[in-house]
Amino acid sequence: MIDIDLERLFDTVNHDRLMNLISRKVRDGEVISLIRKYLVSGIQTDDGYKESVIGTPQGGNLSPLLSNIMLNELDDELERRQVKFVRYADDCILFVKSEMAARRVMRSLTKFIEEKLGLIVNSEKSKITRPTDPTFKYLGFGVFYDPQSRSYQARPHPVSVGQLKYKLKRLTKRSWGISTKVRIEKINQLVRGWINYFRVAKMKIKLSQIDRNVRYRLRMCIWKQWKTPKNR
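Owing to the predicted nature of the structure, the values given are computational and were not obtained by experimental measurement.

Criteria and thresholds
Residues numbered from 1 in each chain as written. Predicted model: local features only at pLDDT ≥ 70, side-chain atom pairs only at ≥ 80, totals over all residues. Heavy atoms only, no water. Patch = residues over 30% accessible without salt bridge, like charges linked within 9 Å, V, L, I, M, F, W, Y side chains within 5 Å. Areas by Shrake-Rupley, 256 points an atom, 1.4 Å probe, with all protein chains shown as cover. Salt bridge = Lys/Arg side-chain N within 4 Å of Asp/Glu carboxyl O. Helix = DSSP H or I, 4+ residues; strand = E, 2+ residues; numbered from the N terminus. Buried < 20%, exposed > 50% of the residue type's maximum accessible area, 1.4 Å probe, protein only. Pairing = 2+ DSSP bridges. Contact = heavy atoms within 4.5 Å.

Draft legend 1. Just a nonpolar patch on the surface, in detail. Residues Tyr-88, Leu-139 and Tyr-197 make up a contiguous nonpolar surface patch of about 320 Å² in total accessible area. Residue placement: Leu-139 occurs in the loop between β6 (127–128) and β7 (141–146). A relative accessible area of 30% places Leu-139 in the partly exposed class.

Draft legend 2. Here's a closer look at the pairing of strand β8 (residues 151–156). In the sheet, β7 pairs with β8 via 6 bridges, with the strands oriented antiparallel. Its bridge partner lying in β8, Gly-142 is registered against Arg-155. Here β7 hands over to β8 after 4 residues, with Arg-150 in that stretch at a positive phi of 55 degrees.

Draft legend 3. Fine view of the environment of Ala-154. Tracing the chain through its elements places Ala-154 in strand β8. Given the relative accessible area of 25%, Ala-154 is considered partly exposed. Along the primary structure Ala-154 and Phe-144 are separated by 10 residues, whereas in three dimensions their C-alpha atoms are 6.5 Å apart. For Ala-154, the residues in contact, after removing those within four places along its chain, are Phe-141, Gly-142, Phe-144, Ala-201 and Lys-202.

Draft legend 4. Molecular detail of the pattern of salt bridges. Throughout the structure, instances matching the rule amount to 8 salt bridges. Arg-36 serves as the salt-bridge partner of Asp-16, at 3.2 Å between the closest nitrogen and oxygen. Of the two residues, Asp-16 is situated in helix α2 (residues 15–25) and Arg-36 in helix α3 (residues 29–39); the sequence distance between them amounts to 20 residues. Residue classification places Asp-16 among the exposed residues on the basis of a relative accessible area of 53%. Here Arg-215 and Asp-211 are joined by a salt bridge, their closest N and O atoms 2.8 Å apart. Of the two residues, Arg-215 and Asp-211 are both situated in helix α8 (residues 204–227); the distance of 4 residues between them amounts to about one turn of the helix. Asp-211 gets classed as partly exposed once you look at its relative accessible area, which sits at 35%. What you see here is one network of salt bridges that share partners, running through Glu-77, Arg-80 and Arg-81.

None of this, on its own, says anything about what the molecule does.
Structure (structure tokens):
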């Protein structure tokens, strides 16, 4: 598996290359002119105005769309080579059959990205790995091999689980002086959003463990409030 990391994507998009790609599909000159003005509109910093001769404005409404237009060329190249891949924004992983093939694809793809697209591949963060590598994390997910189904399955990465535990721990702090009703509402919002995001993954056992811990901490919060003289 090849984990490709693009360095500072929004800051390195070449305006001329991007506009050339857009002009292949968009025929309206006013729209093209408006996009060009958006790209060169500049950046307001603490020290004043700074010209933007390269890159797309971070946080801008159009920036994710424009970066996808640029990286669509990468998608087409991978499909042409018949390489299986998954890409979300600038996070991209590729699947090959051997380490030798991975090294070959990594070299040729790095050359394509840097020469044809004008983007930068982060050689330190890009790596060749295996799905079961515990350090591998993609969009918050990890992977494990399920012997029963004889296939690789997704699961929440330990880092993602750790972040959830940390947030739940903060929400169940006994020193936080809020009502039990508000506390439970916030816990439900957090858990509901987390489960909806990771619903494609295997996580029943892990969630059962977290649930027991949260219930215990929540009981302690309620007990502390009940012991407070004004509440009694």
